[in-house]
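Commentary on secondary and tertiary structure
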Amino acid sequence: MSETITAMPGTTDVSAASVHQMSMQQALNRALDEVLADNPKTVIFGEDCGRLGGVFRITDGLQAKHGEDRVFDTPLAESGILGMSVGLAMAGFHPIPEVQFDGFAYPAINQIVCQIARMNYRSRGTLPMPITLRVPSFGGIRAPEHHGESLEALFAHVPGLKVVSPSNPHDAYHLLKYAATRPDPVIFMEPKSRYWQKGPVNLSSAATEVSANDDGTAPSGSLTGARVAREGRHVTLVAWGAMVSRCLQVAELAAEDGIDIEVLDLRWLKPIDAEALARSVGKTRRAVVVHEAPLTSGLGAEVAQLITQSCFATLKAPVERVTGFDVPYPSGDLEDEYIPNIDRILFGIQRVLEYRRG
Amino acid sequence: MSETITAMPGTTDVSAASVHQMSMQQALNRALDEVLADNPKTVIFGEDCGRLGGVFRITDGLQAKHGEDRVFDTPLAESGILGMSVGLAMAGFHPIPEVQFDGFAYPAINQIVCQIARMNYRSRGTLPMPITLRVPSFGGIRAPEHHGESLEALFAHVPGLKVVSPSNPHDAYHLLKYAATRPDPVIFMEPKSRYWQKGPVNLSSAATEVSANDDGTAPSGSLTGARVAREGRHVTLVAWGAMVSRCLQVAELAAEDGIDIEVLDLRWLKPIDAEALARSVGKTRRAVVVHEAPLTSGLGAEVAQLITQSCFATLKAPVERVTGFDVPYPSGDLEDEYIPNIDRILFGIQRVLEYRRG
Amino acid sequence: MTTEPVLAAVDDDAAPLTHHQLRELYTLMAAVRHLDTSAVAWQRQGIIPAYAPELGQEAAQVGSGYAVDRTRDFVFPTYREMGVARAMGLDMVGYMSTHKATWHGGMYNPLESRFAPIQAVVAGSVLHAVGWAHGQTLAGQPTGEMGVAMTYFGDGASSQGDVHEAMNFAAVMKAPVVFFIQNNGWAISVPTERQVAGGSVAARAAGYGIPSLQVDGNDVVAVFEATRSAFAHCRAGNGPVVIEAMTYRRGPHSTADDPGRYRTLNEERLDAGEDPLERFKQRLLAEAIADEAFFAEAQRLAEEEEETIRRGIEDLGPRPGAEMFGLVFQEPTPALQSQATAWREESEHV
Amino acid sequence: MTTEPVLAAVDDDAAPLTHHQLRELYTLMAAVRHLDTSAVAWQRQGIIPAYAPELGQEAAQVGSGYAVDRTRDFVFPTYREMGVARAMGLDMVGYMSTHKATWHGGMYNPLESRFAPIQAVVAGSVLHAVGWAHGQTLAGQPTGEMGVAMTYFGDGASSQGDVHEAMNFAAVMKAPVVFFIQNNGWAISVPTERQVAGGSVAARAAGYGIPSLQVDGNDVVAVFEATRSAFAHCRAGNGPVVIEAMTYRRGPHSTADDPGRYRTLNEERLDAGEDPLERFKQRLLAEAIADEAFFAEAQRLAEEEEETIRRGIEDLGPRPGAEMFGLVFQEPTPALQSQATAWREESEHV
Ligand SMILES: Cc1ncc(C[n+]2csc(CCOP(=O)(O)OP(=O)(O)O)c2C)c(N)n1
Ligand SMILES: Cc1ncc(C[n+]2csc(CCOP(=O)(O)OP(=O)(O)O)c2C)c(N)n1
Ligand SMILES: [Mg+2]
Ligand SMILES: [Mg+2]
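Along each chain, residues carry numbers from 1 onward, in the same order as the chain's sequence is written. Chains and ligands are labelled by the order in which they are written, letters from A for the one and numbers from 1 for the other. With the structure being a predicted model, the display of local features is reserved for residues of pLDDT at least 70 and the display and counting of side-chain atom pairs for 80 or more, all residues being used for whole-chain, interface and lining totals. With hydrogens and water excluded, all non-hydrogen atoms of the structure serve as input to the side-chain values.

Each helix is a run of H or I in the DSSP string that is no shorter than four residues. Each strand is a run of E no shorter than two, and both are numbered from the N terminus. Along the backbone of chain A there are 12 helices and 14 strands. Radius of gyration here uses only the C-alpha atoms, and the compact-globule reference equals 2.2 Å multiplied by the residue count raised to the power 0.38. On C-alpha atoms alone, chain A measures out to a radius of gyration of 20 Å, which is about the 21 Å that the 2.2 N^0.38 rule sets for 358 residues. By principal-axis analysis of the C-alpha atoms, chain A measures approximately 65 × 45 × 40 Å. Classification of residues uses two cut-offs on accessible area relative to the type maximum, computed with a 1.4 Å probe and protein chains only: under 20% is buried, over 50% is exposed, and between them is partly exposed. Out of the 358 residues in chain A, the part that is buried amounts to 72%. Contact criterion: two residues are considered in contact whenever any of their non-hydrogen atoms come within 4.5 Å of each other. Across chain A, the fraction of contacts at a sequence separation of at least 24, relative to all contacts at a separation of at least 6, is 81%. For chain A, the accessible area works out to roughly 10,000 Å², and carbon and sulfur atoms hold 49% of it. Values of accessible area rely on a 1.4 Å probe in the Shrake-Rupley scheme; residue burial ignores everything except the protein chains shown.

Moving on, we get to the overall build of chain C. Helix and strand counts for chain C come out as 14 helices and seven strands. Taken along its principal axes, the extent of the C-alpha atoms in chain C is 65 × 50 × 40 Å. Taking the intrachain contacts of chain C between residues at least 6 apart in sequence as the baseline, contacts between residues at least 24 apart amount to 74%. On chain C, roughly 12,000 Å² of surface is accessible, and the fraction owed to carbon and sulfur atoms is 51%. Note that His is not counted, nor are the chain ends; the positive residues are Lys and Arg, and the negative ones are Asp and Glu. Every charge is mapped onto a representative atom, which is NZ of Lys, CZ of Arg, CG of Asp or CD of Glu. Both charge centroids of chain C, one from 27 positive and one from 46 negative side chains, sit 2 Å from each other.

Glancing now at the site of ligand 1. We call a residue near a given molecule or strand whenever any one of its heavy atoms falls within 4 Å of it. In the vicinity of ligand 1 lie 20 residues, with E78 of chain A together with Y79, R80, G156 and A157 of chain C positioned nearest. Ligand 1 is flanked by residues contributed from chains A and C. Here a polar contact is taken to be a pair of N or O atoms separated by no more than 3.5 Å, where protein atoms must pair a possible hydrogen donor with a possible acceptor and residues adjacent in sequence count only if both atoms sit in side chains. V122 of chain C is positioned such that a nitrogen or oxygen atom in its backbone is 3.1 Å from a nitrogen atom of ligand 1. Here an oxygen atom of ligand 1 and a backbone polar atom of W186 of chain C are 2.9 Å apart. Contact with the protein chains removes 95% of the 580 Å² of surface that ligand 1 exposes when unbound. Three categories are distinguished: nonpolar for Ala, Val, Leu, Ile, Met, Phe, Trp, Tyr, Cys and Pro, charged for Asp, Glu, Lys and Arg, and polar for the others, with Gly belonging to the last. Across the shell around ligand 1, the residue classes break down as 10 nonpolar, six polar and four charged.

Residue and element names in this part refer to chain A. The split of the chain into domains comes from an automatic or database domain assignment. Segmenting chain A into domains produces domain 1 (16-208) and domain 2 (227-354). On a C-alpha basis, the centroid separation for the pair domain 1 and domain 2 is 26 Å. Taken residue by residue, the interface counts 31 residues in domain 1 and 22 residues in domain 2. Across the domain 1 to domain 2 interface the summed buried area is about 2,000 Å²; carbon plus sulfur atoms make up 56%. The salt bridge criterion pairs a side-chain nitrogen of Lys or Arg with a carboxyl oxygen of Asp or Glu, the two atoms within 4 Å. Between the two partners, domain 1 and domain 2, sit three salt bridges. Residue R142 pairs with D333 through a salt bridge whose shortest N-O separation is 3.1 Å. Our count for the contact surface shared by domain 1 and domain 2 stands at 18 residue pairs in polar contact (both at pLDDT 80 or more). For the side of domain 1 that touches domain 2, the secondary structure elements donating two or more residues are α6 (152-157), β6 (162-164), α7 (169-179) and β7 (186-191). The element best represented in the side of domain 1 that touches domain 2 is α6, accounting for four residues. Defined here as a combined quantity, buried area equals the accessible surface (1.4 Å probe) lost by two parts on assembly, summed across both.

The local shell around ligand 2 holds 20 residues, among which E78 of chain B together with Y79, R80, G156 and A157 of chain D are the closest. Chains contributing residues to the immediate surroundings of ligand 2 are chains B and D. Within the backbone of V122 of chain D, one N or O atom sits 3.0 Å away from a nitrogen atom of ligand 2. At a separation of 2.9 Å, an oxygen atom of ligand 2 approaches a polar side-chain atom of D155 of chain D.

Right, let's get into the interface of chain B and chain A. With 50 residues of chain B at the contact, the number on the chain A side is 50 residues. Summed over both sides, the interface between chain B and chain A buries roughly 4,500 Å², with carbon and sulfur atoms accounting for 58% of that surface. One can count six salt bridges joining chain B with chain A. Of the charged contacts in the structure, one is a salt bridge between E149 of chain A and R118 of chain B, with a shortest N-O distance of 2.7 Å.

What makes a nonpolar core is a set of buried Ala, Val, Leu, Ile, Met, Phe, Trp, Tyr and Cys residues whose side-chain atoms join them at distances within 4.5 Å. Counting 249 residues, the largest nonpolar core has F155 of chain A together with F155 of chain B as the members making the most contacts within it. Apart from the residues within four sequence positions on either side, F155 of chain A is in contact with A105, I109, I112, L161, V163, I187 and M189 of chain A.

So, about the confidence of the model for chain C. pLDDT measures the predictor's confidence residue by residue and takes values from 0 up to 100. Overall, the prediction assigns chain C a mean pLDDT of 96, with 97% of residues at 70 or greater. Reported for the predicted complex are a pTM of 0.96 and an ipTM of 0.97.

This part takes up the coordination of the magnesium ion (ligand 3). Residues and elements named next belong to chain C. Only nitrogen, oxygen and sulfur atoms qualify as donors, provided they sit within 2.8 Å of the metal or within 3.2 Å for Na, K and Ca; with water excluded from the atoms, sites may seem incomplete. Here the magnesium ion (ligand 3) is held by D155 (OD), N184 (OD1) and W186 (O), and the distances to it run 2.1 Å. Donor residues for the magnesium ion (ligand 3), ordered by position in the chain, follow D-x28-N-x1-W. Separated by 31 residues along the polypeptide, D155 in the loop between β2 (149-154) and α7 (161-173) and W186 in strand β4 (residues 186-187) bring together distant segments of the chain.

Bringing the relation of the copies chain B and chain A into the picture now. When the copies are superposed, the least-squares fit draws on C-alpha atoms of residues that have pLDDT of at least 70 in both. Of the transformation placing chain B onto chain A, the axial shift is 0.0 Å and the rotation is 180°, giving an RMSD of 0.0 Å. Put plainly, the chains are arranged around a two-fold axis. Interface residue correspondence from chain B to chain A reaches 100%, placing this contact among same-surface, isologous pairings.

This part takes up the packing of aromatic side chains. Residue and element names in this part refer to chain A. Classification of ring pairs uses Phe, Tyr and Trp, with its six-membered ring standing for Trp, and accepts pairs whose centres are within 6.5 Å; under 30 degrees between planes counts as stacked, over 60 as edge-to-face, and the remaining range as tilted. Applying the stated criterion to the full structure yields 49 aromatic pairs over all chains. With centroids separated by 6.0 Å and ring planes inclined at 85°, the aromatic side chains of Y178 and W268 adopt a geometry described as edge-to-face. Taken together, the residues span a long stretch of sequence, with Y178 in helix α7 and W268 in strand β12 (residues 268-270) at a distance of 90 residues. With respect to class, Y178 is no different from W268; both count as buried. Considering the side-chain rings of Y329 and Y338, the 5.1 Å spacing of their centres and the 70° angle between planes classify their relative orientation as edge-to-face. Each member of the pair, Y329 as well as Y338, carries the same accessibility label: buried. In this structure an aromatic cluster arises from ring pairing among F56, F101, F104, Y195 and W196.

Right, let's get into the coordination of the magnesium ion (ligand 4). When a metal holds four donors in a tetrahedron, each ideal angle between them is 109.5 degrees; when it holds six in an octahedron, the ideal angles are 90 or 180 degrees. Residue and element names in this part refer to chain D. Within the protein, the atoms that donate to the magnesium ion (ligand 4) are D155 (OD), N184 (OD1) and W186 (O), at distances of 2.1 Å. The sequence pattern formed by the donor residues of the magnesium ion (ligand 4) is D-x28-N-x1-W. The pair formed by N184 and W186 is uniform in burial state, with each residue classed as buried.

This brings us to the interface of chain A and chain D. The interface of chain A with chain D comprises 41 residues on the first partner and 43 residues on the second. Carbon and sulfur atoms supply 64% of the area buried between chain A and chain D, which totals about 3,400 Å² over both sides. It is Y121, R122 and R124 of chain A in chain A that bury the most area against chain D; as a group they hold 21% of the surface buried on that side. At the junction of chain A with chain D, the criterion picks out two salt bridges. Across the pair E323 of chain D and R124 of chain A runs a salt bridge whose closest N-O atoms are separated by 2.8 Å. Our count for the contact surface shared by chain A and chain D stands at 18 residue pairs in polar contact (both at pLDDT 80 or more).

As structure tokens, then:
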């Protein structure tokens, strides 16, 4: 499974020397290692993060290297972990808590929504919350119940949060380093089914530099925006996390039929890079949004509506959504029926291509 | 503030004898009283629901009338209240728990999402969850922090939940009686700023009868679908809860300028009555969705996308959203800046009316 | 401040176990031990994708499950109560199906089994037990005959806020609930001493005015007797009881876990204590309640049983995709029905 | 099971309060009493939309707040700690502004005040205190000089799961936290006996191995001394302490509440006990620490102060709407900036 990493504007160092093949697990681990080394106020904690190195080994070796004060296990209580993060942030720390699986963010939602997302506002900017919450997310690994959830629509709806999800090791490395050095809370959704896929990572620090435009907004293609994962002319597929590689697969298949698909890796789920959506669909005039979360009130609705608003005049067909169904995430045997598969995405593409008014 | 209640199809008894003027608080209280009387398995509980009758007096007098076993106070713990509801449902009861304010549903989200919404599914239909969760919702009363939240987008995204919000006393009475007699969990969002507004309520039980179509779907206009609160030709305003009366006000103002507005009271936020949306906007060709919740990933996106999907060919302008901003619900002094006001809704209408392609 | 709450002495909790019952307990433990170790093997052989072994917890599980009256009580398990399920006579193919990734929660009928669906949220069902138990009170069950809820959870789960809310609710409402903690020393990689401040979950009970019993969780008879008296206390309308069974998770957290990363084999040997099965066997032998022939027969039965269950599991096909849609609601919504239709068209090409 | 945990005796927690300090305590209590009753009047007069009176809790609040070292400690209040705020010398217009619906959380600077923003979620900030306190440990504060977090909450709040998680975390991590419960008998309409199973929040502490003190919350000196020894215990690195101050909510839950629906005036009179202010006054008189002139002067100062604060509150205009957008993030997002622009155009017509 090969993924093209488009060159990043503003990247100065493209020497092969700084490009490494590594898995997303390794890239995330390395990012955390460097963040711990760079900022003594950074602390990592959660269930089994310390000695075990996390059930996905994302924090592997970090406690041994940086000490038990920097990387530690907590008791088994997610509200406790996130509530403690608030206090640590108030004391000047930069917490990087982990919830072990997506579904176990729910017990902490109260602290996330009512506290982490609001403390900067409530305190009128005097108590920033530089918290990066790592959430192994999405499905695809035949796991037990509550281990395959997609909470992005919920998080994106919460004022005061920023939400990001990398789709490949390079982005994982840079986005995590970026998120973990910001002064605002970021929900970092890791596509757990992609942890073990390898890919090239350009470790050059220049690759992380984000040179903002004059108006403070981010330049397209930079880490703060979406990424064109594949250029194409006929239809835009919008995806994030684990669905990006599936969309790239679909694009290869569609190419055999002469259909030229653009794949937009949204990366930031809040704020959404509306300009990148407008740019891409402005060109292709057709779009399909793909996500694992249930359809109704999913983030696909927001993406579709943003596209419709900016491209209404030129859009050839209503934006299609190919998503999980409005059913609880099913057990492994039915997982492939639930997660958008290649066939269903192709049907979605067909619908936007064949749409005729009236 | 006068609201027209459109006659309900299928309503046989329209004699003035069964029509009463009452506030939504009275209508809800009466519905609960009747549900308690009708079904001995119904139990009502929550913080201050019993002796006090609730901070909004919705359960006023019910404990005295039906006894402490049927209507009772719990300790102050929302997860406890909702978790207990699951067990009571498993034991054959029909719980009608209350969370005191919208913002205090967050501590219970884990029980709502992972348990209440899934137990029927997990148990393969053997453990239904006939739970009606009452949530005094939305803003507009200059309340403290966390007392003015709109959680419908979150609830609507959760597979296994149904979500409803009445906008007037008549619907409040019938929808609550309907919800509280269903075998599935319903989140019942009460627009707290409307509790004290009076309106006509037709108490006739015929008004609650829902005669389903042959395919099991609900007939339009019945209690299981949306309601045309005002007919119009030029633009459809879609709203729910407290925003319905504001939209009706806007429609009156717009009428002075010759703009004929249709107001669709969505009522059910999950499942959404997509046919009613298609019917209305199929006619008006322009739509504005209005809600109090923040814009991004709000339910307005879903409504807009449903409209776009069904009416793409005839839509004259992209659906507009007039909503709360992506900021934490502000303190009373800024409430009127946050909640969609008449001006902002009028601007939204203007945008869809003046939209020109290209 | 408060005096230590104590269990009400109730008449019917005193009779010693008969030899027949003791042998039955052993037979159950042997069946559970064999099924458990076999399930780990199934996972290695690719028959099931994952499993959470209860090795070492047979006494805690069988002893407590054996005390349940299936005509009126109800059990709320976690994901590791295979031994309780077996002791309560569940359909074990239905139970094991959750580990084959057939259906989250298992395929047995929870209402008929008096055993709630398997629960993957740590502490997720503790409050359900309280609600169910309060339902018994509300239903006006005569004192002395009340149905009792028993909720299982671990030392790790005890840290969750829901456990506190549950104990407080239960005590305020005098609900007939047995909180049964299996303190097996570990929550994945975190040992009890860094999990349970104060060192004991049972010690928490006094703060709610709830009587508690800390029991040797590797002694099946002790566990049974503690559970039986807790049930009697609850049944008589005296409110909840906390039982903490001290045991040890001898295996990995799950088949995906590698305990070598957080404990040495030597620590395991030292901390695990006596094997509950072997220990019970020695006792039965010493007291001449059973002989080697009996143990051989128990083993043979266990193997036969495992064979049948394994075959059932192997034969278990995937559930029809339509169930994804059909089992969400009692009253399906039009929106969901049209998703089901679209799915059928696109995925089954019909 | 475990032995009752006790407070470490620490040298610097023993000195008796000087007469000057005792008089200062009274002056504070008098100021708080007058401001509190005035705020209720402000609400009736339409100056503020709502208020949560702390009438009857002056001793608990002033006594504990007086023990805080504002150079290194940090306080996490609820919505009812006006007396603590005043004792800690907060900008009281900034504090009261939350009740004017100017800004959720208040307008004072929490970092400089060492007083977190006003918290409307019951038990919402208890865990924050634990995190902040653990931060002191991580920052390597020398033992004996550690900053201490004090978190306030009510008997009602004690039912929340977060309180359990907080106590367990604090005890496991030995974090320097004082859990200060004001048990004022009520959570809106629910009395403590139907809220707190076992009857005492302090009694819960032992289950975590945390020492606790139950103190007469209407005796300002007792409260001060208990808080001082708790701080000394924490500062010396001995981990958390639970204090339960037994007091009474003499007023309504808030200006929107009608206590007549759930308690009679007679019950109020019987249950409220002695008025903490009057009681302290009698003691100061009896011990000749203060005379009538002093009390008259204290009252005059209180009135002067209330006057100033009221004027400040009356003068407080609404915040500019742009703050809604500008204070969400440290680094604003383009999406939010364009919402701000649209708002300015549509609402301010610019
Ligand atoms: C709410 C929640 N958080 C995290 C997890 C992940 N998880 C599964 S088991 C486990 C450890 C549980 O330990 P314990 O309660 O002692 O039970 P044991 O596994 O020892 O039987 C964890 C952290 C979960 N299932 N649920
Ligand atoms: C999580 C949450 N649930 C419910 C409420 C509503 N509420 C506000 S105060 C209160 C009672 C609190 O009682 P207690 O903790 O004893 O504090 P007191 O009001 O007596 O100071 C309730 C139920 C809330 N603010 N937060
Ligand atoms: Mg354990
Ligand atoms: Mg109280």
